[in-house]
Amino acid sequence: MAIHTITTQAFDDQKPGTSGLRKRVTVFQQPHYLENFVQSIFDAVEIPTGASLVVGGDGRFYNVEAIQVILKMAAANGVGRVLVGRGGILSTPAASCVIRKHNTFGGIILSASHNPGGPDGDFGIKFNAANGGPATETVTEAIYARSKKITQYKIVDAPDVALDVVGETELAGMKVEIIDSVTDYVALMETLFDFEAIRQLLASGFRLRFDAMHAVTGPYARAIFVDRLGAAPDAVMNAEPLPDFGGGHPDPNLTYAHDLVEIMFADDAPDFGAASDGDGDRNMILGKQFFVTPSDSLALIAANARLAPGYGQGIAGVARSMPTSAAVDRVAEELDIPCFETPTGWKFFGNLMDAGKVTLCGEESFGTGSDHVREKDGLWAVLFWLNILAIKRQPVETIVKRHWARFGRNVYSRHDYEELPSEAANHLIEHVRGQFASLPGQSLGRYTVKACDDFSYTDPVDGSVSQKQGIRILFEDGSRIVFRLSGTGTAGATLRIYLESFDADISQHDQDAQDALAELIAIAEQISELKQRTGREQPTVIT
Ligand code: G6P
Ligand code: ZN
C-alpha cells in the first residue's frame, strides 16, 4: 500500500503541558495539526521499525477519527503492531496497564482528562513510554522541539480499521489487534485487592454509588462493581460513555460531580460514594455526608496499605506533589519510609517508582495511584477504599477522624480562579514573587512568615532539574499558602491557591475547612492583590 509523504508547515503552539498536548477540538481539526504532532512523537522517540504500540482514548469527540489517523501514520512509520482498545476506548490507567503487560514500546493516549468534550470541547494526545508512564520532560521537550521544525509527515492511504470487533486485523502490513478494553485491567485489580472481602461487604447491605460521569470508567466500573463484586446495577450511575460526557464537566470534585454530591449529602445517603474523571485516572471519595480530601485519602491509604493483599508486604516509600498536603508525610514518618515532594504532574513519580523508591503516590488534584501502573488510577483508589472499608467495617467519616486523631489534621483547601486573562495572572504571580525579600519575618494576623520561595525539584534518579514549580509562602507554625498557574487549562490562565494549616487538637477536627482556613485565605488575597488584579470576588471552584 502506498506510503505518502505529505509536506506540512510547523505550528508554533504544540508544547505539551502538565499532561500532553491539550487544545480545543477545533484546533486539532485544522489540516495537518494532529498529523504534525503524531509525526513529531515518532521522530522524537525514534520509533524503531517493527515496534509495538498501544493506542486508545477516553471516547470523547474526535477520539475515533484521531485513532484512524494515528494507525495510518503508525503503519507508514514502520510500526509492527498496534493494540487498540475496542471502539478506541482505553482509560488512561488501563492503557498504562496494557503497555506494561504486553511489553510494548509505548503508547499514544487520546484524552483531555477532565476537560469538557464535544465539538466545542477539548481534545488531547500524549505519549507514554515502555514503563507505561507519561513521557519524561526530556522526551516532551524533544517532541515540542521537533514540532517546531517539522516539514513533512508519513501516512498510508488505506481504508479505516474496524475498531468495534475484538480480534486481529491488518493495515498496510502492520498488525492491528483490537483488544477488550477492560479485561487486562480487571485482572490486575484482582491481584491487588481482596475481592472476596469486598463482595461480602456489599452483600451485607453496604450501599455504594459510583459516578462514571458519562466518561470512560462506565464499562470498567460495571465489570468490577456489578459483575465481579455483586453491587446492584444502579450502583454505577452515568455509566454510558458519551462523546460529550452528556454535556457535563467530567471532573470528580464537589462542584462538577454534583449529581453524586447531592446523593451523598442527602439524609438517606449511601455508605460510600466515588467518582472518576473523563479518562479514569482521577478519583473523589465520599462517605455519608462526608468529603475526603485527596491529600487525606493518600495518607489514609498509606497508613492502611497492608490491608490490601497487593501491599501486604508494606510499602517502600511515598511521594506527593508539592501542593498536596503534608498529611502523608506524617504517615511516612511513622512507618519510617521515605517521602518525596515533587512538582505537579504524574510524570514526576515515574522515575521514583521505576527505581523502587516509592510504592504509593498522590496529588491534591484528585489523583492517587501506585506502582501497579505508571498513571494515577481512579478505580484503583476506589477499590483500595472498599478494601479498607471491608476490613474495618466502620463509616468513612469515622475512619478519617480516627486517622486525624492519631496523626493530626492537615486542614486543606484549594481555590481556583479559572479563565483569567493570562497577563493578569502572570502579573499577579510576579507581584507575589516581588515580595520574597520583604515577607519573611512579617506577622500577618496570627501567622508569621518564615520563608518564601519558588519550588524547584531535582529528580533524585536522573538529576534533571525543574524550576519555578509554584510559589510557596511558608509560615512559622507549618501552615502555608501556595500560588501556582495550572498547566492543564486550554483557555486563559487558571490560578490555583493552595491553603494548608495543621491542627493536632481533636476538639477542632469537626471544623469546616473553609472556616478553619479563613484567615489564611484572607492573607492569600491580600498578598496577591487578587481582587484588584482579577476583578474576581469568588473562586470558580473550591475543593
Ligand atoms: C493532570 C495531571 C496531574 C496534575 C493535574 C493538575 O491531572 O495528570 O498530574 O496534578 O493535571 O494540573 P494543573 O497543572 O492543572 O494544576
Ligand atoms: Zn484524567
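Note that the structure is a prediction, hence the values are computed from the model and not measured.

Side note on the domain arrangement of the protein chain
- Taken domain by domain, the protein chain comprises domain 1 (3-181), domain 2 (185-407) and domain 3 (409-542).
- A straight line from the C-alpha centre of domain 2 to that of domain 3 covers 26 Å.
- Taken together, the contacts link 19 residues of domain 2 with 20 residues of domain 3.
- Within the residue set of the side of domain 2 that touches domain 3, elements represented by two or more residues are α12 (347-354) and α14 (396-407).
- The leading source of residues in the side of domain 2 that touches domain 3 is α14, at three residues.
- The residue inventory of the side of domain 2 that touches domain 3, partitioned by class, reads nine nonpolar, eight polar and two charged.

Brief notes about the sheet that holds strand β16 (residues 339-342)
- Spatial strand order, β16-β15-β17-β18: four strands in an open sheet with mixed pairing. Strand pairing shows two members of the sheet lacking a second neighbour, β16 and β18 (367-370), which therefore form its edges. For this sheet, the mean inter-axis angle between neighbouring strands, taken without regard to orientation, is 15 degrees.
- As paired elements, strand β15 (residues 318-321) and strand β17 (residues 360-363) share three bridges and run parallel to each other. Looking across to β17, one finds that V318 is bridged to L360.
- Along the sheet face, α12 touches β15, β16 and β17 and points at about 150 degrees away from the line of β16.

Quick word on the nonpolar core
- One finds V82, F210 and A302 to be the most contacted residues of the largest nonpolar core, which totals 133 residues.
- Of the residues forming this core, the biggest block, 11 residues, is contributed by helix α13 (residues 378-392).
- Counting residues domain by domain, this core receives three or more from each of domain 1 (3-181) and domain 2 (185-407).
- Dropping the residues within four chain positions of it, V82 is found in contact with L53, V55, L71, A74, M174 and V176.
- In this structure, Y412, A425, V449 and F483 belong to the second largest nonpolar core, which totals 27 residues.

Regarding the packing of helix α6 (residues 183-192) against helix α8 (residues 217-228)
- The N-to-C vectors of α6 and α8 enclose an angle of 50 degrees; their axes lie 10 Å apart at closest approach. The angle between α6 and α8 falls in the class oblique. Here the hand of the crossing between α6 and α8 comes out right-handed. Residues Y185, V186 and M189 of α6 lie in contact with α8, whose contacting residues are Y220, A223, I224 and R228.

Focus on the site of ligand 1
- The immediate surroundings of ligand 1 are formed by 14 residues, with T18, S365, S486, G487 and T488 found nearest.
- A breakdown of the residues in the shell around ligand 1 according to their chemical character gives one nonpolar, 11 polar and two charged.

Reading the values: the criteria
Residues numbered from 1 in each chain as written. Chains lettered and ligands numbered in written order. Predicted model: local features only at pLDDT ≥ 70, side-chain atom pairs only at ≥ 80, totals over all residues. Domains from an automatic or database assignment. Contact = placed C-beta atoms within 7 Å. Helix = DSSP H or I, 4+ residues; strand = E, 2+ residues; numbered from the N terminus. Nonpolar A, V, L, I, M, F, W, Y, C, P; charged D, E, K, R; others polar. Pairing = 2+ DSSP bridges. Axes fitted to C-alpha atoms, helices over the stretch in contact; angles between N-to-C directions. Core = buried A, V, L, I, M, F, W, Y, C linked by C-beta atoms within 7 Å. Buried ≥ 20, exposed ≤ 12 C-beta atoms within 10 Å, placed from the backbone. Parallel < 35°, antiparallel > 145°, perpendicular 65-115°, else oblique. Left-handed = near helix turned anticlockwise from the far one by under 90°. Near = placed C-beta within 6 Å.

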